[in-house]
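Breakdown of the fold
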Amino acid sequence: MTQKFTQNDLIRFIYKETSVRETLAIREALNADFDLFVEYQKLYQAYQQLPKVTFSPSKSTIQDILQYSHRSALPAYR
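So, here's what we can say about the structure. Just so you know, these numbers come straight off a predicted model, no measurement behind them. (Residues numbered from 1 in each chain as written. Predicted model: local features only at pLDDT ≥ 70, side-chain atom pairs only at ≥ 80, totals over all residues. Heavy atoms only, no water.)

**Comments concerning unusual backbone geometry**
With a phi close to 60 degrees, Lys 16 is a non-glycine residue in the positive phi region. What makes Lys 16 exposed here is its relative accessible area of 72%. (Buried < 20%, exposed > 50% of the residue type's maximum accessible area, 1.4 Å probe, protein only.)

And the structure:
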């Protein structure tokens, strides 16, 4: 029995969010089903066109977190 994979499955595969078992099954299905492979190619091309965004907090945010951590830290046990 062949498993039907959805666009969501392919997106999870592209983002490496599938289990080992799912990854192997999707790879096998991509080799066997041309239409699925075409859909995968379209999704992968769209994925590659997405901007690569990186986030970094401001220095004041980091300082706020560190101050909160310092204030709320439990005393060390000896």
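**Some thoughts on helix α2 (residues 20-32)**
Helical geometry: 3.6 residues make up each α-helical turn, so side chains three or four residues apart lie on a common side. Over its 13 residues, α2 extends 19 Å from the first C-alpha to the last, a length consistent with the 18 Å expected when each residue adds 1.5 Å. Listed in full, the buried residues belonging to α2 are Thr 23, Ile 26, Ala 29 and Leu 30. With its buried residues spanning 130 degrees around the axis, α2 presents them on a single face. For α2, exposure combined with an orientation more than 90 degrees from the buried face picks out Val 20, Arg 21, Leu 24, Glu 28, Asn 31 and Ala 32. If you follow the buried residues of α2, they end up packed against α1 (7-14) and α3 (34-49). (Helix = DSSP H or I, 4+ residues; strand = E, 2+ residues; numbered from the N terminus. Expected span 1.5 Å × (residues − 1). Arc of directions from axis to C-beta. Contact = heavy atoms within 4.5 Å.)

**Some remarks on α3**
With 16 residues, α3 should cover 22 Å at 1.5 Å per step; its first-to-last C-alpha distance of 23 Å lies within 8% of that length. Every buried residue of α3 is listed here: Leu 36, Tyr 40 and Leu 43. All buried residues of α3 lie within an arc of 70 degrees about the axis, which places them on one face of the element. Exposed and facing more than 90 degrees away from the buried side of α3 are Phe 34, Asp 35, Lys 42 and Gln 49. Tucked inside the fold, the buried residues of α3 contact α1 and α2.

**Notes on a nonpolar patch on the surface**
A cluster of nonpolar residues, Ile 11, Tyr 15 and Leu 50, forms a patch on the protein surface that exposes about 260 Å² of accessible area. In this fold, Ile 11 is placed in helix α1. (Patch = residues over 30% accessible without salt bridge, like charges linked within 9 Å, V, L, I, M, F, W, Y side chains within 5 Å. Areas by Shrake-Rupley, 256 points an atom, 1.4 Å probe, with all protein chains shown as cover. Salt bridge = Lys/Arg side-chain N within 4 Å of Asp/Glu carboxyl O.)

**Some words on the packing of aromatic side chains**
Applying the stated rule across the entire model yields five aromatic pairs. Relative to Tyr 47, the ring of Tyr 15 lies with its centre 4.9 Å away and its plane at 80 degrees, an arrangement referred to as edge-to-face. Note that Tyr 15 is positioned in the loop between α1 and α2 and Tyr 47 in helix α3, a separation of 32 residues in sequence. A relative accessible area of 24% means that Tyr 47 is categorised as partly exposed. Judged by centre distance (5.7 Å) and plane angle (40 degrees), the ring pair of Tyr 44 and Tyr 47 falls under tilted. With Tyr 44 and Tyr 47 both in helix α3 and three residues apart, the pair spans about one turn of that helix. Ring-pair connections join several aromatic residues into one group, and the members of that group are Phe 13, Tyr 15, Phe 37, Tyr 40, Tyr 44 and Tyr 47. (Phe/Tyr/Trp six-rings, centres within 6.5 Å; stacked < 30°, edge-to-face > 60°.)

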